[in-house]
Amino acid sequence: LLERKDLPAEVLRGIAAHKETARNYAVRLALVRHPRTPRLISLPILKFLYLFDLVRVCQTPAVAADVKIVAEETILNKVETIPRGERITLARRASGRVAASLLMTEDRELILAALDNPFLSEAHLFRVLARQDVPPVVVESLAQHEKWSHRYHLRLALIRNPSTPLPRVLAFLPDLAVNDLRDVCLD
């Protein structure tokens with residue numbers, strides 16, 4: 001029944017109110033992922049979902065944006081308590097925001113897994129590079145990454161970051177526009 005996307009909200013409220021179905025994990029997950037489930041029903045359920053089910057909720061296109069944000073917050077609250085292997089898997093599969101927050105570590109394998117995340121965007125990386133407490137190993141990995149080191153604006157941000165290795169900075173400089181070179185000289 002919950003696979004039907006045309007269910008009215010009253011039916012979804014009835015399912016959530018029923019004691020037997022409300023205890024079933026699969027029903028709870030289906031309620032959260034249903035596009036017409038009211039927020040008052042789906043938001044409290046999020047704290048009871050498993051980690052990778054929360055990732056699935058974040059990746060479901062029909063789920064409302066505010067539910068996805070709360071799901072991401074729930075994931076970020078659980079990150080510190082999960083084992084390293086699950087963190088690496090999470091860095092590969094989770095949303096871009098979660099992957100960007102997982103970059104704030106010294107673990108090189110976790111950093112590379114997060115940088116390979118298909119949901120990670122340049123905007124997430126700019127926010128990471130703008131932080132004062134970004135570990136130098138993150139900047140080095142980003143400067144050497146096959147996908148990200150070829151992006152012009154990321155190169156510019158890496159040149160301005162004091163943790164970027166000098167050989168990488170020197171390799172990036174010839175490709176910059178003259179106006180950007182002037183701005184870098186004024187920094």
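Computed from a predicted model, the values in this text were never measured in an experiment.

Here we look at the packing of helix 12 (residues 152-160) against helix 14 (residues 178-186)
Helix-helix packing is characterised by the crossing angle of the two axes and by the distance between the axes. Where helix 12 contacts helix 14, the axes come no closer than 10 Å and their chain directions differ by 20°. Regarding the angle of helix 12 to helix 14, the classification is roughly parallel. Read as a crossing pair, helix 12 and helix 14 show a hand that is right-handed. When helix 12 is examined against helix 14, the residues Tyr-152, Leu-156, Ile-159 and Arg-160 are found in contact with a partner set consisting of Asp-180, Asp-183 and Val-184. Tallied by class, residues from the contact of helix 12 with helix 14 come to 4 nonpolar, no polar and 3 charged.

Here we look at the packing of aromatic side chains
By the definition in use, this model includes 1 aromatic pair. On the numbers, 4.7 Å between centres and 35° between planes, the contact of Tyr-25 with Tyr-50 is tilted. Placement of the pair is Tyr-25 in helix 3 (residues 25-33) and Tyr-50 in the loop between helix 4 (39-45) and helix 5 (51-59), with a sequence separation of 25 residues. Stacked on the ring of Phe-48, the Lys or Arg Arg-28 has its end atom at 5.5 Å from the ring centre. Across the ring face of Phe-52, the terminal group of Arg-93 is positioned such that the distance to the ring centre comes to 5.6 Å.

What to know about helix 9 (residues 108-115)
Within helix 9 the residues assigned to the buried category are Leu-110, Ile-111, Ala-113, Ala-114 and Leu-115. Structurally, helix 9 contributes buried residues whose contacts are with helix 7 (84-93), helix 8 (96-102), helix 10 (122-130) and helix 11 (136-144). By the N-cap criterion, in which a side-chain oxygen at the helix start approaches the backbone nitrogen of a residue two or three places on, helix 9 is capped by Asp-107, the distance to Glu-109 being 3.2 Å.

Some remarks on the pattern of salt bridges
Once the charged atoms of two side chains with opposite charge are near each other, the side chains can pair. Evaluated as defined, the whole model comprises 12 salt bridges. Glu-140 is paired through a salt bridge with Arg-108; the nearest N and O atoms lie 4.0 Å apart. Highlighted residues: Glu-140 in helix 11 and Arg-108 in helix 9, separated in sequence by 32 residues. Judged by relative accessible area, which is 27%, Glu-140 ranks as partly exposed. Judged by relative accessible area, Arg-108 falls into the partly exposed class, the value being 40%. Glu-122 is paired through a salt bridge with Arg-151; the nearest N and O atoms lie 3.0 Å apart. One end of the pair, Glu-122, is in helix 10; the other, Arg-151, is in the loop between helix 11 and helix 12, and 29 residues separate them in sequence. Residue Glu-122 is classed as partly exposed on the basis of its relative accessible area, which comes to 23%. Note on Arg-151: relative accessible area 31%, which makes it partly exposed.

Conventions and cut-offs
Residues numbered from 1 in each chain as written. Predicted model: local features only at pLDDT ≥ 70, side-chain atom pairs only at ≥ 80, totals over all residues. Heavy atoms only, no water. Axes fitted to C-alpha atoms, helices over the stretch in contact; angles between N-to-C directions. Helix = DSSP H or I, 4+ residues; strand = E, 2+ residues; numbered from the N terminus. Parallel < 35°, antiparallel > 145°, perpendicular 65-115°, else oblique. Left-handed = near helix turned anticlockwise from the far one by under 90°. Contact = heavy atoms within 4.5 Å. Nonpolar A, V, L, I, M, F, W, Y, C, P; charged D, E, K, R; others polar. Phe/Tyr/Trp six-rings, centres within 6.5 Å; stacked < 30°, edge-to-face > 60°. Lys NZ or Arg CZ within 6 Å of the ring centre and 35° of its normal. Buried < 20%, exposed > 50% of the residue type's maximum accessible area, 1.4 Å probe, protein only. Polar contact = N/O pair within 3.5 Å; in protein donor to acceptor, adjacent residues only side chain to side chain. Salt bridge = Lys/Arg side-chain N within 4 Å of Asp/Glu carboxyl O.

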